[in-house]
4 protein chains.
Amino acid sequence: MIIILKKDAQAESVRRLEDILKSKGISTNHIQGANQNIIGLVGDTSIIDMDNLYAQDCVEDIRRVQEPYKKANRKFHPDDTVIPVRDTVIGNGSLQIIAGPCSVESEEQIITTAIACKNAGATMLRGGAFKPRTSPYSFQGMGADGIKLLIKAREETGLPIVTEIMNSADLDLFADVDVIQVGARNMQNFELLKALGKSSKPILLKRGLSSTLEELLMSAEYIMAEGNMNVILCERGIRTFETMTRNTFDLSMIPLMKEKSHLPICADPSHATGIYSLIEPMSLAAVISGADALEIEVHNDPKSALSDGGQQLTPQRFADMMVKIKDLAKYLGRTLGK
Amino acid sequence: MIIILKKDAQAESVRRLEDILKSKGISTNHIQGANQNIIGLVGDTSIIDMDNLYAQDCVEDIRRVQEPYKKANRKFHPDDTVIPVRDTVIGNGSLQIIAGPCSVESEEQIITTAIACKNAGATMLRGGAFKPRTSPYSFQGMGADGIKLLIKAREETGLPIVTEIMNSADLDLFADVDVIQVGARNMQNFELLKALGKSSKPILLKRGLSSTLEELLMSAEYIMAEGNMNVILCERGIRTFETMTRNTFDLSMIPLMKEKSHLPICADPSHATGIYSLIEPMSLAAVISGADALEIEVHNDPKSALSDGGQQLTPQRFADMMVKIKDLAKYLGRTLGK
Amino acid sequence: MIIILKKDAQAESVRRLEDILKSKGISTNHIQGANQNIIGLVGDTSIIDMDNLYAQDCVEDIRRVQEPYKKANRKFHPDDTVIPVRDTVIGNGSLQIIAGPCSVESEEQIITTAIACKNAGATMLRGGAFKPRTSPYSFQGMGADGIKLLIKAREETGLPIVTEIMNSADLDLFADVDVIQVGARNMQNFELLKALGKSSKPILLKRGLSSTLEELLMSAEYIMAEGNMNVILCERGIRTFETMTRNTFDLSMIPLMKEKSHLPICADPSHATGIYSLIEPMSLAAVISGADALEIEVHNDPKSALSDGGQQLTPQRFADMMVKIKDLAKYLGRTLGK
Amino acid sequence: MIIILKKDAQAESVRRLEDILKSKGISTNHIQGANQNIIGLVGDTSIIDMDNLYAQDCVEDIRRVQEPYKKANRKFHPDDTVIPVRDTVIGNGSLQIIAGPCSVESEEQIITTAIACKNAGATMLRGGAFKPRTSPYSFQGMGADGIKLLIKAREETGLPIVTEIMNSADLDLFADVDVIQVGARNMQNFELLKALGKSSKPILLKRGLSSTLEELLMSAEYIMAEGNMNVILCERGIRTFETMTRNTFDLSMIPLMKEKSHLPICADPSHATGIYSLIEPMSLAAVISGADALEIEVHNDPKSALSDGGQQLTPQRFADMMVKIKDLAKYLGRTLGK
């Protein structure tokens with residue numbers, strides 16, 4: 001960390017700043033510049049509160065040098081994290097395909113869809129039981145009953161199940177879920193992240209609507225700091241000025257997060273684009289960029305879906321897409337599932 | 001609501017669409033265009049799920065005509081909402097000044113700051129007990145103890161207290177709080193909003209980091225749909241590409257929200273700018289633009305603050321600013337407090 | 001186009017509005033809604049100035065139904081545009097690789113780099129002679145001399161040359177250039193676009209830093225409206241809140257622009273990411289998504305480059321990447337160059 | 001400037017880096033950190049090309065410490081710049097009101113509007129002769145004839161005239177214009193900026209649609225580096241996710257630019273909001289925040305305007321607003337015009 005001093009910094013204020021730093025075990029180096037003096041900090045600066053430093057009279061600006069994330073940082077954990085999910089794993093170079101409807105709507109709907117997804121090659125099943133909706137007047141999900149239906153669908157197909165939590169008070173309801181998803185709007189719901197950190201379940205952490213990648217890693221850090229290392233980062237599109245697509249799919253985050261972090265990466269082209277004709281090309285692009293998993297919305301009858309109708313694939317379209325995905329995986333030497 | 005049909009829309013698909021609409025009590029009008037046919041919908045379209053319509057084969061695009069918010073909409077509630085807070089009110093044309101530290105840190109700190117704020121002219125006291133921090137390694141607030149200290153400070157000064165909730169499970173701890181704040185990162189924590197909707201406490205709802213005003217109103221709608229009409233909208237700056245300021249203060253939202261909604265408006269120039277020298281000019285601007293309340297961070301010793309040091313005013317600077325605020329309020333014919 | 005009337009719209013004002021529309025050959029359809037009346041417009045609404053309509057007393061809002069672009073619109077031109085460039089073409093399903101340095105710096109540099117690019121498989125040569133730089137103190141390019149060196153490099157290698165124009169007054173200097181590039185910062189330099197529309201040269205039009213795709217198409221429309229149909233759309237990344245990458249590569253625009261327009265698409269992963277390790281995965285992703293061309297920065301000695309050093313590939317890295325690109329092209333059944 | 005070295009930086013690469021820096025007259029200081037080594041640079045770093053440094057093998061990251069703008073920087077020019085405009089000045093603490101139509105449309109229109117503006121208290125006249133429009137099918141302005149009409153309006157009223165240039169080739173046409181405006185879309189049209197730098201006319205430089213304030217200052221620097229110090233910075237709203245307003249008015253930039261630069265500041269609430277009911281409150285807010293000038297769109301008959309109808313004030317509304325502006329100026333002790 002580097003502190004840039006004001007031109008007219010008083011010696012007394014600088015001494016006070018040095019005392020604060022020393023009290024935290026940080027040593028300092030001074031550089032006299034032509035126009036500006038700076039102080040270089042040596043030690044573990046992740047514990048320093050930058051706000052506190054900004055309040056010191058002599059400080060003009062502060063620049064971080066080290067990343068503020070540690071447990072998620074590949075520098076300190078060079079090996080890829082591989083996360084067990086029932087009898088399979090995410091992050092070992094294989095490709096997992098998480099498919100299923102936006103919302104669980106009925107037993108028939110989720111079982112029919114799950115079987116179709118499995119037949120097409122999906123390796124896990126997704127489905128929303130608790131739904132975050134912008135309007136209080138929209139369908140809010142089946143809740144606990146939805147989770148029970150997902151479990152039935154798992155019994156039927158053997159596919160591990162992935163579903164979203166919105167409230168730490170509901171955590172007990174997720175005891176038999178395989179992967180717990182945190183939605184984009186809750187990426188900085190820190191109380192929820194802490195509660196999930198005390199669980200040992202795999203957590204699929206979606207990037208916030210306008211979050212930076214550093215913020216995503218800091219939210220992973222919240223979970224990991226409590227002891228749960230099983231975090232999967234998920235790109236689901238970010239908000240930009242573009243209006244033709246629902247969001248903008250930041251594909252470059254996949255190879256970049258692979259450099260910066262050891263955590264597995266999932267891509268969700270359904271939410272990222274919101275347009276069904278773009279899901280296939282973006283899925284192929286995510287696979288060739290190194291994604292460990294894809295999350296794809298598939299519905300047995302999108303025209304009757306209670307949410308996200310426009311971006312859910314029919315089983316037929318999904319199956320057609322899976323032919324190309326499998327072919328590309330083969331070309332790349334990657335296996336589907338384990 | 002208007003539905004734009006695809007050029008090659010099949011009659012059967014259009015009939016199916018019509019049936020869905022009729023089943024919801026919506027009648028339709030067809031317009032044959034030169035290049036495109038459209039359908040105008042007549043009835044209460046707020047209950048329609050646009051995603052479901054997008055999934056119909058014949059639909060190219062959909063445009064909302066009516067606002068999706070109803071209870072927060074001035075069209076249906078022309079009179080200003082006036083919210084009682086202990087023995088005062090927000091929203092009756094008077095100006096409320098909510099001042100206090102970012103975080104409650106100790107009894108001495110909060111009492112000293114509260115007295116200084118009151119002496120300078122503040123009409124309510126703010127202070128964070130539960131703190132949403134980007135990093136798990138930063139100070140997370142005193143929690144329940146912080147609320148107790150705020151209550152002590154209220155006993156000492158008579159100032160009503162405002163503090164932030166992060167988890168609906170904590171709601172009981174807020175029983176003796178006067179205004180419950182929802183932070184920007186929780187603006188779309190819908191489970192929390194629903195829980196607060198069942199309370200009757202005034203809710204200070206902060207706009208999300210990159211939320212639109214319609215999304216802010218829809219979050220207010222979540223609270224109001226559960227029965228709690230006491231919502232105060234708060235502008236605290238939005239994320240933009242500008243890096244010199246912490247956020248960008250969207251001042252024009254104040255007169256605009258006054259047109260679109262009947263709810264009172266609060267402005268938070270401390271978080272909106274993050275720079276103490278900008279707080280005074282932005283406060284004056286907010287007052288002249290019609291804000292019902294200001295929320296200002298004041299700390300008895302910003303240099304030792306455990307959070308947000310750089311943007312908290314000293315009591316002296318706050319007192320200097322309040323001289324100008326009071327003078328401007330007088331010029332505008334507005335009273336401070338009740 | 002649809003006009004939403006104010007609740008209290010006066011009959012006289014609506015008549016005036018109807019008269020304006022009739023005078024432009026537009027006929028109207030009225031829909032009486034529960035809360036709102038709307039008017040549907042039938043006819044060629046691309047000539048209507050929405051600002052003028054907004055100024056009418058009775059108008060609350062206006063929604064476009066038709067796209068405002070015509071010549072660039074696939075609806076009216078279903079066949080792909082194929083653009084001749086010397087003895088090759090862009091847009092016929094083949095893959096063009098435009099490679100070369102950010103700036104032309106010397107004869108040796110451009111010739112050495114051009115030969116290396118050609119040997120690795122590049123099919124066109126890029127190089128900046130006029131450079132748009134944020135700071136007036138940065139290298140501004142060699143100007144006319146740079147174009148002469150590019151022509152020499154073409155003589156040496158046979159590669160068609162692509163270079164950027166910044167001022168319509170310079171157009172004569174580009175007489176022997178094969179493709180004229182318009183940079184992101186000039187995407188809405190309408191005077192320049194009009195001048196290029198009067199030329200018959202292929203124009204590589206880069207998307208503006210925070211432009212929407214509709215704005216990009218409208219800028220293409222400026223060129224095409226003057227008679228030059230040879231426009232190539234180029235994605236070079238858009239500005240987002242992400243700071244780890246220089247820009248955010250909006251890959252989904254490639255299949256989306258293929259749906260909306262008949263123009264060929266180029267992807268520029270060098271500027272889109274600004275990080276050399278991301279160029280290969282993003283290039284592969286662009287190819288699999290359907291890009292007609294890639295534009296890649298390659299420099300014979302990036303460490304000495306006068307601009308964009310950090311994102312330029314060495315000839316060796318470019319050659320390594322081209323092995324994978326060629327292999328992927330083969331897998332997809334696409335040829336390089338013609 | 002500070003350079004952060006890679007963990008595994010080779011001594012040879014660091015030496016090469018040091019040589020590059022020495023060759024530019026920069027001396028260096030090394031700091032050994034716990035996890036990272038950094039180099040502090042001492043000397044005039046504004047001439048360094050960061051891209052070139054990023055290309056060195058040993059460099060992980062670079063942080064600027066000094067601002068890259070010099071001539072526009074208040075640090076090096078503590079006194080306010082006061083710019084003469086005919087027989088008045090901008091920047092001496094007085095308030096200039098630049099009013100007039102979006103576009104010059106006819107002699108009658110501009111003269112009628114100019115007289116109305118003057119009678120209401122405007123001190124300068126604006127009007128567009130060359131119009132940057134998103135669509136090639138929209139009205140493009142009267143061009144040179146428009147400038148002639150503005151000159152006539154000046155003869156009639158004595159108001160200095162402000163109008164926009166879009167092409168450096170047109171500069172001769174602006175010989176008798178008092179203030180030349182550069183529009184948001186041309187803020188980084190560097191060739192135009194350089195041409196204007198060779199003129200001595202006052203330049204009203206509008207902030208780009210999604211430009212940072214540093215970029216605005218760097219564009220001012222382009223003009224000033226050529227010798228023209230008469231630059232007025234103009235806030236006209238930035239692009240954000242908000243859709244209710246045309247743009248987001250970044251009011252805090254006014255006091256902030258006053259700290260960072262010595263140049264006068266103009267606020268344009270018409271373009272910043274696009275909604276006529278917001279122009280008065282935002283104008284008052286701009287004045288109380290310290291703006292040196294306001295630019296307001298006024299049209300004698302907005303309903304017939306050829307551009308920007310929805311945001312132009314009628315002369316009556318403008319006159320009503322000017323009563324409040326004058327009253328506020330008096331309250332603040334500021335004079336209108338000289």
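What you are looking at is a predicted structure, and each value in this text was computed from that prediction instead of being measured. (Residues numbered from 1 in each chain as written. Chains lettered and ligands numbered in written order. Predicted model: local features only at pLDDT ≥ 70, side-chain atom pairs only at ≥ 80, totals over all residues. Heavy atoms only, no water.)

Visitor: What should I look at first to understand the overall build of chain A in this one?
Guide: Along chain A, the regular secondary structure elements total 10 helices and 14 strands. Dimensions of chain A along its principal axes, counting C-alpha atoms only, are 75 × 45 × 40 Å. Taking all 338 residues of chain A together, the buried fraction comes to 66%. The contacts of chain A with a sequence gap of at least 6 include a subset with a gap of at least 24, amounting to 68%. Carbon and sulfur atoms form 48% of the exposed surface of chain A, whose accessible area is close to 10,900 Å². Computed over 38 positive and 43 negative side-chain charges, the inter-centroid distance for chain A is 2 Å. (Helix = DSSP H or I, 4+ residues; strand = E, 2+ residues; numbered from the N terminus. Buried < 20%, exposed > 50% of the residue type's maximum accessible area, 1.4 Å probe, protein only. Contact = heavy atoms within 4.5 Å. Areas by Shrake-Rupley, 256 points an atom, 1.4 Å probe, with all protein chains shown as cover. Lys, Arg positive; Asp, Glu negative; His and termini not counted. Charge placed at Lys NZ, Arg CZ, Asp CG, Glu CD.)

Visitor: Can you help me understand the relation of the copies chain B and chain A in this one?
Guide: Superposing chain B onto chain A takes a rotation of 180 degrees plus a shift of 0.0 Å along the axis, which leaves an RMSD of 0.0 Å. What we have between these two chains is a two-fold relation. A share of 100% of interface residues in chain B that are also interface residues in chain A marks the association as one of identical surfaces. (Least-squares fit on C-alpha atoms with pLDDT ≥ 70 in both.)

Visitor: Hey, could you run me through the sheet that holds strand β1 (residues 2-5) of chain A in this one?
Guide: Note on sheets: strands pair through backbone hydrogen bonds, and any given pair is parallel or antiparallel. Residues and elements named next belong to chain A. Within the open sheet, the 4 strands sit side by side as β2-β3-β1-β4. Their pairing is antiparallel. Every interior strand has two partners, whereas the edge strands, β2 (27-32) and β4 (59-63), have only one. Neighbour-to-neighbour, the strand axes of this sheet turn through a mean angle of 25 degrees, independent of strand direction. Across 4 bridges, the pairing between β1 and β4 is antiparallel. From the neighbouring strand, L5 faces β4, where its bridge partner is V59. (Pairing = 2+ DSSP bridges. Axes fitted to C-alpha atoms, helices over the stretch in contact; angles between N-to-C directions.)

Visitor: Quick question: what am I supposed to make of the interface of chain B and chain A here?
Guide: As a measure of interface size, the accessible area lost when the parts come together is often cited. Every contact between the two is made by 51 residues of chain B and, on the other side, 51 residues of chain A. At the boundary of chain B with chain A, total buried surface from both sides reaches about 4,300 Å², with 46% on carbon and sulfur atoms. Of all residues in chain B, D51, Y137 and K303 of chain B bury the most surface against chain A, accounting for 17% of the area lost on that side. Our count for the contact surface shared by chain B and chain A stands at 4 salt bridges. Between K303 of chain B and D57 of chain A there is a salt bridge, with the nearest N and O atoms lying 3.6 Å from each other. Inspection of the chain B/chain A interface yields 21 residue pairs in polar contact (both at pLDDT 80 or more). Grouping the constituent residues of the side of chain B that touches chain A by class yields 16 nonpolar, 18 polar and 17 charged. (Buried area = accessible area lost by both parts, 1.4 Å probe. Salt bridge = Lys/Arg side-chain N within 4 Å of Asp/Glu carboxyl O. Polar contact = N/O pair within 3.5 Å; in protein donor to acceptor, adjacent residues only side chain to side chain. Nonpolar A, V, L, I, M, F, W, Y, C, P; charged D, E, K, R; others polar.)

Visitor: For this particular structure, what's the right way to read the interface of chain B and chain C?
Guide: Contacts between the two partners involve 25 residues from chain B and, on the opposite side, 26 residues from chain C. Summing the contributions of chain B and of chain C, the shared interface buries around 2,200 Å²; its carbon and sulfur component is 64%. Broken down residue by residue, the surface that chain B buries against chain C is led by I31, V65 and F241 of chain B, which jointly contribute 26%. Counting the contacts that link chain B with chain C gives 2 salt bridges. The residue E60 of chain C makes a salt bridge to K75 of chain B at a minimum N-O spacing of 3.2 Å. Here chain B is connected to chain C by 2 residue pairs in polar contact (both at pLDDT 80 or more). Looking at the side of chain B that touches chain C, the elements with two or more residues in it are β1 (2-5), β2 (27-32), β3 (37-42) and β4 (59-63) of chain B. Grouping the amino acids of the side of chain B that touches chain C by side-chain chemistry returns 9 nonpolar, 9 polar and 7 charged.

Visitor: It is not clear to me how the side chain of R239 of chain C should be interpreted in this structure. Could you clarify?
Guide: Residue position: R239 of chain C is located in the loop between β12 (231-235) and α7 (253-260). A distance of 2.8 Å separates the side chain of R239 of chain C from the backbone oxygen of S210 of chain D, its partner in a polar contact. A distance of 2.4 Å separates polar atoms of two side chains, one belonging to R239 of chain C and the other to E215 of chain D. If sequence neighbours within four positions are ignored, R239 of chain C has contacts with F241 of chain B, L209 and N247 of chain C together with S210, S211, T212 and E215 of chain D.

Visitor: Honestly, the sheet that holds strand β14 (residues 293-297) of chain A in this entry has me stumped. Any pointers?
Guide: Residues and elements named next belong to chain A. Read around the barrel, 8 strands follow the order β7-β8-β9-β10-β11-β12-β13-β14 and close on themselves; strand pairing throughout is parallel. Neighbour-to-neighbour, the strand axes of the sheet open up by a mean angle of 30 degrees, direction not taken into account. As paired strands, strand β7 (residues 96-100) and β14 are joined by 5 bridges and run parallel to one another. Looking at β14, one finds that A99 is bridged to I296. Against the sheet, helix α5 (residues 190-197) contacts β9 (161-165), β10 (179-182) and β11 (203-206), and its axis sits at roughly 165 degrees relative to β10. Contacting β7 and β14, helix α10 (residues 315-332) runs over the sheet at an angle of about 175 degrees to β7.

Visitor: Quick question: what am I supposed to make of the packing of aromatic side chains here?
Guide: The geometry of an aromatic ring pair is captured by the separation of the ring centres together with the interplanar angle, meaning the angle of the planes. Here the structure, examined in full by the defined rule, presents 14 aromatic pairs over all chains. Taken together, a centroid distance of 4.2 Å and an interplanar angle of 15 degrees make the contact between Y331 of chain B and Y331 of chain D stacked. In this pair, Y331 of chain B is assigned in helix α10 (residues 315-332) and Y331 of chain D in helix α10 (residues 315-332), connecting two distinct chains. Of the aromatic side chains, those joined through ring pairs into one cluster are F241 of chain A, F241 of chain B, F241 of chain C together with F241 of chain D. If you follow R239 of chain C out to its NZ or CZ, it ends over the ring of F241 of chain B, 5.9 Å from the centre. (Phe/Tyr/Trp six-rings, centres within 6.5 Å; stacked < 30°, edge-to-face > 60°. Lys NZ or Arg CZ within 6 Å of the ring centre and 35° of its normal.)

Visitor: For this particular structure, what's the right way to read helix α6 (residues 213-225) of chain A?
Guide: Helical geometry note: an α-helix holds 3.6 residues per turn, so side chains three or four residues apart project in the same direction. All names here are of chain A. For α6, which comprises 13 residues, the first-to-last C-alpha distance of 18 Å matches the rise-based estimate of 18 Å (1.5 Å per residue) to within 8%. Here α6 lies mainly inside the structure; 11 of its 13 residues are buried. Those residues of α6 that sit buried are L213, E215, L216, L217, M218, S219, A220, E221, Y222, I223 and M224. Lining the buried residues of α6 we find α5, β11, β12 (231-235) and α7 (253-260). Of the residues one or two after α6, G227 is the one with positive phi, at around 115 degrees. (Expected span 1.5 Å × (residues − 1).)

Visitor: Sorry, what's going on with the packing of helix α9 (residues 276-289) of chain A against α7 of chain C here?
Guide: In a pair of packed helices, the angle between the axes and the distance between the axes together describe the arrangement. At their nearest, the axes of α9 of chain A and α7 of chain C sit 9 Å apart, and the two run at 140 degrees to each other. Between α9 of chain A and α7 of chain C, the angle is such that the two are oblique. By crossing handedness, the relation of α9 of chain A to α7 of chain C is classed as right-handed. Mapping the contact onto sequence places S277, L278, P281 and M282 of chain A in α9 of chain A and P255, L256 and E259 of chain C in α7 of chain C. Per-class residue counts for the contact of α9 of chain A with α7 of chain C are 5 nonpolar, 1 polar and 1 charged. (Parallel < 35°, antiparallel > 145°, perpendicular 65-115°, else oblique. Left-handed = near helix turned anticlockwise from the far one by under 90°.)

Visitor: Help me understand the pairing of strand β12 (residues 231-235) of chain B in this model?
Guide: Looking along a regular strand, one sees the side chains alternate between the two faces of the sheet. All names here are of chain B. By the criterion of burial, β12 is predominantly enclosed, with 5 of the 5 residues buried. Of the two faces of β12, the one holding V231, L233 and E235 and the one holding I232 and C234 are both buried throughout. Pairing of strand β11 (residues 203-206) with β12 involves 4 bridges; the strand directions are parallel. Within β12, the residue paired with I203 across the bridge is V231. Crossover β11 to β12 through helix α6 (residues 213-225) is right-handed. Where β12 lies against strand β13 (residues 265-267), 3 bridges are found, and the strand directions are parallel. When the sheet's bridge partners are listed, L233 is paired in β13 with I265. The parallel pair β12 and β13, bridged by helix α7 (residues 253-260), forms a crossover whose chirality is right-handed. (Right-handed = clockwise from strand over helix to strand, strands pointing away.)

Visitor: Hey, could you run me through the pattern of salt bridges in this one?
Guide: Side-chain pairs of opposite charge can arise whenever the charged atoms involved come near each other. Residue and element names in this part refer to chain B. The final tally for this structure, using the stated rule, is 88 salt bridges over all chains. In this structure, R207 and D250 form a salt bridge, with 2.9 Å as the shortest nitrogen-oxygen distance. Here R207, found in the loop between β11 and α6, pairs with D250, found in the loop between β12 and α7; they are 43 residues apart in sequence, far enough to count as distant. Note on R207: relative accessible area 0%, which makes it buried.

Spatial relationships are all this shows, so hold off on functional conclusions.
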